[in-house]
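Next come the chains, spelled out residue by residue.
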Amino acid sequence: EPSETGYSVDLRSEPGETGDIVIKQTFRLDKNLAAMSWAYENPKDNTKIFAARNENKILLEGQDKGKPIRKTFNINELPWNQSFNLGLERFVLSPDKTMLFWAIGTKGPGNMKITKFKVKKQGIETISIRGQEVEAVHVTISLTGLLSMFWTGHYWYRKSDGRFLRYKGKSGPGSGLTIMESISDTD
């Protein structure tokens, strides 16, 4: 949804086996699709947090796995991109080959920590989405520095407008392959 300062986005995960919504997220994005605030709720983990950016600081507070949490992250002018399938449209459409950004982890060793990520264009590919062949920009997103060996995700965005199409990767060592695809294309 458009807003005065940019966009408001609500995401809900698919219902789990019990029919309950697994994860709820609300993003407030600026006009460049960088995060200004983020609400995250995972009832299964007893986690409900809110984070907001004020210049070069992000304040995160709430409850993480049932315990109170309050952290301030000092960052620089790089964008905060909390949802990789939402905030990279402009980068994908730009002539830039790489970009750095910040994100807050929600599981594993990076849980409730700020981390710098690098996104790098790999090239143009034709992929099949919902039975249609689509030209897509393939990018990889990884942690920066030595941490890059621990996680890399592959993302595809439509070449014509930068819309997210597909993610493929593992969420950590020993985990299975995860594939996420766009199932509709409504504006």
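These lines cover the structure that appears in this document, whether it is placed above or below. Just so it is clear, the model here is predicted, and its values are computed rather than measured.

## Some details on the overall build of the chain
Scanning the chain from N- to C-terminus turns up one helix and twelve strands. Order of helices (α) and strands (β) in the chain, N terminus to C terminus: β-β-β-β-β-β-α-β-β-β-β-β-β. Against the compact-globule benchmark of 16 Å for 187 residues, the chain has a radius of gyration of 17 Å, which places it among compact chains. Taken along its principal axes, the extent of the C-alpha atoms in the chain is 45 × 40 × 40 Å. The burial tally for the chain puts 38% of its 187 residues in the buried class. Long-range contacts, defined as pairs at least 24 residues apart, comprise 31% of the intrachain contacts of the chain with a sequence gap of at least 6. Here the chain has roughly 11100 Å² of accessible surface; of this, 52% comes from carbon and sulfur atoms.

## Overview of the sheet that holds strand 3 (residues 35-42)
The strand order across the open sheet built from six strands is 1-2-3-4-5-6, with neighbouring strands paired in antiparallel fashion. One side of each edge strand has no neighbouring strand; the edge strands of this open sheet are strand 1 (6-12) and strand 6 (67-74). The mean inter-strand angle of the sheet, taken between neighbouring strand axes irrespective of direction, is 10 degrees. As paired strands, strand 5 (residues 57-64) and strand 6 are joined by eight bridges and run antiparallel to one another. Within strand 6, the position partnered with Q63 by the bridge is P68.

## Describing the environment of Q122
Mapped onto the elements, Q122 comes out in strand 8 (residues 114-129). Residue classification places Q122 among the partly exposed residues on the basis of a relative accessible area of 41%. For the pair Q122 and T140, spaced 18 residues apart in sequence, the C-alpha separation works out to 6.9 Å. Apart from the residues within four sequence positions on either side, Q122 is in contact with H138, V139 and T140. Looking at Q122, its side chain comes within polar contact range of the side chain of T140, at 3.0 Å.

## Looking at unusual backbone geometry
Residues other than glycine seldom take positive phi values, yet L33 does so here, at roughly 75 degrees. Mapping L33 onto the fold places it in the loop between strand 2 (24-30) and strand 3. Under the relative-accessibility criterion, L33 is labelled buried at 11%. Look at N46: it is not a glycine, yet its phi comes out positive at around 55 degrees. Judged by its relative accessible area of 41%, N46 falls in the partly exposed class.

## Here we look at the nonpolar core
Formed by 19 residues in total, the largest nonpolar core has its most connected members in W38, I49, A51, I58, L60, W80 and I104. Broken down by secondary-structure element, the contributors of at least two residues to this core are strand 2, strand 3, strand 4 (47-54), strand 5, strand 6 and strand 7 (98-104). Top element by residues in this core is strand 3. It accounts for three residues. Residues in contact with I104, not counting those within four places in the same chain, are W38, A51, I58, L60, F73, W80, Q82, M112, K113 and I114. In terms of nonpolar packing, the next biggest core, distinct from the first, is built from 17 residues, F84, F101, Y155 and Y167 among them.

## Notes on the pairing of strand 5
Sheet analysis places strand 4 next to strand 5, joined by seven bridges and oriented antiparallel. Looking at strand 5, one finds that I49 is bridged to G62. Counting the residues in the hairpin turn of strand 5 and strand 6 gives two residues, including K65, whose phi is positive at 55 degrees.

## Concerning the sheet that holds strand 9 (residues 132-143)
Across the sheet, which stays open at both edges, the six strands sit in the order 7-8-9-10-11-12 with antiparallel pairing between neighbours. Edge positions in the sheet fall to strand 7 and strand 12 (177-181), since each has one partner strand and no second. Here the average twist between neighbouring strands, direction ignored, is 25 degrees.

What counts, and at which threshold
- Residues numbered from 1 in each chain as written.
- Predicted model: local features only at pLDDT ≥ 70, side-chain atom pairs only at ≥ 80, totals over all residues.
- Heavy atoms only, no water.
- Helix = DSSP H or I, 4+ residues; strand = E, 2+ residues; numbered from the N terminus.
- Rg over C-alpha atoms; globule rule 2.2 N^0.38 Å.
- Buried < 20%, exposed > 50% of the residue type's maximum accessible area, 1.4 Å probe, protein only.
- Contact = heavy atoms within 4.5 Å.
- Areas by Shrake-Rupley, 256 points an atom, 1.4 Å probe, with all protein chains shown as cover.
- Pairing = 2+ DSSP bridges.
- Axes fitted to C-alpha atoms, helices over the stretch in contact; angles between N-to-C directions.
- Polar contact = N/O pair within 3.5 Å; in protein donor to acceptor, adjacent residues only side chain to side chain.
- Core = buried A, V, L, I, M, F, W, Y, C linked by side-chain atoms within 4.5 Å.

Function cannot be inferred from these measures alone, as they are strictly geometric.
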